[in-house]
Amino acid sequence: MSKHSEHSPEQGSENSFTPETEIHPDRRVAGAAAARALNLHKSYGQGDTTVTALDHVNVEFEANHFTAIMGPSGSGKSTLMHCMAGLDSATSGSAFIGDTDLSQLRDKEMTALRRDRLGFIFQSFNLVPTLTAAENITLPTDIAGRKVDQEWFDQITGRLGLSDRLRHRPAELSGGQQQRVACARALVSRPDIIFGDEPTGNLDSNSSKEVLDILRTAVDQDNQTVVIVTHDARAASYADRVIFLADGRIVNELFAPQIDEILATMAGIEDVAL
Ligand SMILES: Nc1ncnc2c1ncn2[C@@H]1O[C@H](COP(=O)(O)OP(=O)(O)OP(=O)(O)O)[C@@H](O)[C@H]1O
Ligand SMILES: [Mg+2]
């Protein structure tokens, strides 16, 4: 069941947007924030060669909701995800998971938080080449010393069409199969928050639908929070909210997004960028 219907009444001026330097009232969430960025700034290099990947981003990601992040290539989507998930550190500003300021954590605490509460689907999969698909999927759970929920493992891998590929190593799998292994790895431990960087980027429409249905169910039935980056309007339409980035800033957002609205908003952003 979708949560879309919950949004409209309480969001007031739905889908109107004014960029500001502080968290815009519409980007303050009604419920608890599962994660939030406060003045998050990330730049690479120095002097003339400085690249600003994130330009003082302020945003909250509501718990038990599905958010999609869209924007042109190079707009800072992966950087935002990596900073939110503690995989990269910001130049200034803060990323919070719940009430925890990631910049205050020691390495060990960060590792524990990532292991216990977060699942991450990487844009480049990040599978361990020497392990089989099954071993890759259960690796984070195994490292944490936890028991794999075999029934859930079977269900996820079955739905993702991986059941007969589980004994293969990544090099013996197609790109789409590797991506599905990466999705299964993030899903199998039922983390509080799942971050997916283009989790359906290499998938055909059937596999893509399966991944998105699983992510939607994770939010609607299992109380998880999902944040994905996507270039695909159909994938983004599964979300409760879409945030649009351009040049490291949030420039627009939509609630309960329809595919045509998403496409129109993206077209507007790309026109300005050209
Ligand atoms: N390690 C790095 N060193 C220098 N610049 C970087 C580095 N990583 C990212 N950038 C730059 O930061 C900007 C944002 O990159 P990012 O990977 O977040 O973009 P993106 O929105 O995810 O793009 P895509 O849709 O192509 O994946 C880009 O201009 C990129 O070139
Ligand atoms: Mg990216």
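What this report covers is the structure whose coordinates are included nearby. (Residues numbered from 1 in each chain as written. Chains lettered and ligands numbered in written order. Predicted model: local features only at pLDDT ≥ 70, side-chain atom pairs only at ≥ 80, totals over all residues. Heavy atoms only, no water.)

## Quick word on the environment of Ala134
Our working rule: Under the DSSP-based scheme used, a helix requires at least four consecutive residues in state H or I and a strand at least two consecutive residues in state E, with every element numbered from the N terminus. Relative accessibility under 20% of the residue-type maximum defines a buried residue, over 50% an exposed one, and the middle range a partly exposed one, all with a 1.4 Å probe and only protein chains included. Here a residue-residue contact requires only that any non-hydrogen atoms of the pair lie within 4.5 Å.
By the element assignment, Ala134 lies in helix 4 (residues 133–143). Using a relative accessible area of 22% as the deciding quantity, one classes Ala134 as partly exposed. C-alpha separation for the pair Ala134 and Ala184, spaced 50 residues apart in sequence, amounts to 9.3 Å. Filtering out sequence-adjacent residues up to four positions away, Ala134 remains in contact with Phe153 and Leu166.

## Points about the pattern of salt bridges
Here is the rule we go by: Any Lys or Arg side-chain nitrogen found within 4 Å of a carboxyl oxygen on Asp or Glu counts as a salt bridge.
If you walk through the whole model with that rule in mind, you get 13 salt bridges. One salt bridge in this structure joins Arg159 and Glu210, with 3.1 Å as the shortest N-O distance. Here Glu210 lies in helix 7 (residues 205–220) and Arg159 lies in helix 5 (residues 150–159), a separation of 51 residues in the sequence. The shortest N-O distance in the salt bridge between Asp220 and Arg216 comes to 2.8 Å. One end of the pair is Asp220 and the other is Arg216, both in helix 7 and four residues apart, which spans about a single turn. Grouping residues by exposure puts Asp220 and Arg216 together as buried.

Taken by themselves, the reported measurements are silent on function.
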